[in-house]
Structures are given as C-alpha cells and as structure tokens.
Amino acid sequence: MTDKDITKSATAGVTKLDKVNYIQWAIDVQLLLEEKGLWPFVTGKQVEPDVTATQDAKDRFDRNKAKSRAIILQCLVPRLQPAAMKFPTTKQVWDHLKALFEPSSLARETALLETFYLIRRKDNEEVDSFIARVLKAADDLAGAADDLKPADRNKAYLLINRIGKEYEHQVQAIYQWQTADFTFEKVSKALLAEANRRRSKVERAPVPGKSGWIRKQVQRQSGATAGQWDVYFYPPGQQVKLRSRPEVRSYCENELNEPYVATDYDWKPSQKPVDTVVQEPSTEQAVVEPQSATDESDNNGTSEDSNETYAVRVYLAEISESNTYEEAIDVQQKA
C-alpha cells in the first residue's frame, strides 16, 4: 500500500471540512494526528533531526512531515484544497484554515442558534438520525452559553414541526396529548415507534472487491410501487447515500481520486419485486339495489308508474385518534 493510500485510509472516518463544520472537524483531525504522532507538526514543536542523525531518521522525519500535511489536505472538500496546498508546511496549512473558519464567540453563537432553530429533517433521513441532530444542536447551544439552552418543550416542538409531512398523522395525534406528556423524550419515543412501524425491509451487504463499500437494498412498503426494491451504495466510512451511477462515478473520481468501474457496482435488485398493493374496501360505501316493480306493465312494456324504487345500505367505519401518549405508543406496538 502506497503512502497516498495509507493517508486516504486514515482520513476515511473524518467528515471533510466545508465551512460550517470547522469546530468538529478540527477536533477530529487533531485526534487523528495525535493518534499517529503527527500533531507536533501542526504546533510547530516537531524537532528536525540533527545533521548528525542517520539517513533513516531524516527520511522518516520527511515522510511524517509530508504525511501530516497530506492528512489535513485530504480532510478538505475539493474546492478548498487548491488554496490550502499553497502553504508548504503543516502548521501553515492549519493556521490558514483556522483563520478562515474558526468563528468568534458571537459569530459561533449566531451560527449555533441558526443551526438549531432552522434545523429540519432531510429527505429520506432516518428519524433517529434527525432526533440525534436536534439533540446535538441543542447541546451545542447549551455548551456555548447557559442562557442559550433551549427549553425541553422547545426541542419537542421543533421535532414535530420539522419531522416532515409524512408524519402529519402522528403529529396530529401528539397534539391531543396531555401537557405533562409533551416532553422531548416522549415525543422522540413516539416518532421512533411510528418510524419502526413503517420501516421497510432492508438488506445490507459489503460490495465484493470494494473494501469498505456497502450495498443496501430497500423494499418499498407503500404507494403504487410497493414491493419494488431500491439499491444504494455507501462509500467507506461514510453515511452518504449514493443513489445512481452518476453519483457513484462522481464520488469515486472527485472524492477518492480513483477510476470508476461500472461493473463493480451491481444495481440490479437480488430479489424480484413483490406485488403488495391490496385493494381495500372503502370505509364508507353505498350499495344501490333496484326493487322489482309491483305494478303491471301495459302493452308497450311500460310501467304505469315510471319511478323506480331503490334500497340503500350505508356502511360506516369509525376512526379514532389516540388522545394520550400511552395510547399512541400502544397502538403503534400493536400495528
């Protein structure tokens, strides 16, 4: 394995720096460099070997010096790399990024407030992931200043307000709860229970010959296409979902700097679609039945009374809403 491959492998678990995530990025990269004994190159405290040192010691120093700089550069999104690469030392690269992205106290508080109050669930984001992001955003605010700590009820309101339209029925049920039940913990539990009830069939497996890559099949459980399978790929150490061949190609070429080989990625579902669409009877329907006329017809076959009589049967179904937190959880567990 080349030094470049080793560097890529080392940075695989670090989310790349992209303006808004500098604080967490700096922590992750520092821990990575400390683990590999390279952090002194950032602080400028790494001592260069004396002129009397062995050639092996000098070569090792040069390799570590280059590796520490390369690790930081590999942890940047591509558009930030050209400017950072102009700095020849690890410390200069680090100081450059710090000057650009480390926020002042007031700026950081503003950014944290925006992150929390503007947060919303992403398309196809798992409910537990969304809840975790809300909790982290709230914790970040509380850590910045005591008076910025969001009230528990505000966190709960944020959950039901930003969970998405597909959970509207569950949100309306939560509105019927008693005030004492309306807490972040109980709202989270109710939304997770509903998400688990809806959870589609999922199959995950490693991609043959592609170290770290994961292939996931998801079976649709509702709608006109219920029973069909969707295929996604996840890059090594990442949670990003690649939904199409162009996305996989772009990631390989731009993020991993490696060629895209189409045959490495099988987009054909391993199972056949299942027809799960069921025609359910309506909860309200009218059955109209003509009754035979009792009057005799005339010679033209026309009844003396041209009006027809119908019997109408109406079927009604009652749909009840959960009025308490306990009822909501109980209904979902029985579903």
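Residues numbered from 1 in each chain as written. Predicted model: local features only at pLDDT ≥ 70, side-chain atom pairs only at ≥ 80, totals over all residues. Heavy atoms only, no water.

- The name given to the chain in an unreviewed UniProt entry is MBD domain-containing protein, with Strigamia maritima as the source organism.

## Quick notes on the pattern of salt bridges
Now for step 1: This structure, assessed with the given rule, holds 9 salt bridges.
Now for step 2: Residue Lys210 pairs with Asp264 through a salt bridge whose shortest N-O separation is 4.0 Å. Remark: Asp264 occurs in the loop between helix 12 (245–255) and strand 4 (285–290) and Lys210 occurs in the loop between strand 1 (202–206) and strand 2 (214–219); sequence separation between them is 54 residues.
Now for step 3: Overall, Asp264 belongs to the partly exposed group, its relative accessible area being 27%. (Salt bridge = Lys/Arg side-chain N within 4 Å of Asp/Glu carboxyl O. Helix = DSSP H or I, 4+ residues; strand = E, 2+ residues; numbered from the N terminus. Buried < 20%, exposed > 50% of the residue type's maximum accessible area, 1.4 Å probe, protein only.)

## Structural notes on the environment of Val20
Now for step 1: For Val20, the location among the structural elements is in the loop between helix 1 (3–11) and helix 2 (22–35).
Now for step 2: For the pair Val20 and Ala111, spaced 91 residues apart in the sequence, the C-alpha separation amounts to 8.4 Å.

## With respect to the nonpolar core
Now for step 1: With 27 residues, the main nonpolar core has Val134, Leu159, Ile174, Val187 and Leu191 as its most contacted residues.
Now for step 2: If you list the elements that add at least two residues to this core, you get helix 7 (105–117), helix 8 (127–144), helix 9 (152–162), helix 10 (168–174) and helix 11 (184–198).
Now for step 3: The element that contributes the greatest number of residues to this core is helix 8, accounting for 7 residues.
Now for step 4: Every residue in contact with Ile174, bar those within four places of it in the chain, is listed here: Ile160, Phe182, Val187, Ala190 and Leu191. (Core = buried A, V, L, I, M, F, W, Y, C linked by side-chain atoms within 4.5 Å. Contact = heavy atoms within 4.5 Å.)

## Things to note about the side chain of Asn21
Now for step 1: Secondary-structure assignment places Asn21 in the loop between helix 1 and helix 2.
Now for step 2: Judged by relative accessible area, Asn21 falls into the buried class, the value being 18%.
Now for step 3: Beyond its immediate stretch of four places on either side in the chain, Asn21 contacts Thr15 and Lys16.

## Re helix 8
Now for step 1: Its 18 residues place the ends of helix 8 26 Å apart at the C-alpha level, agreeing with the 26 Å of an ideal helix rising 1.5 Å per residue.
Now for step 2: Of the residues making up helix 8, those classed as buried are Val127, Phe130, Ile131, Val134, Ala137, Ala138 and Leu141. The arc enclosing the buried residues of helix 8, seen along the axis, measures out at 125°, which places them on a common side. (Expected span 1.5 Å × (residues − 1). Arc of directions from axis to C-beta.)

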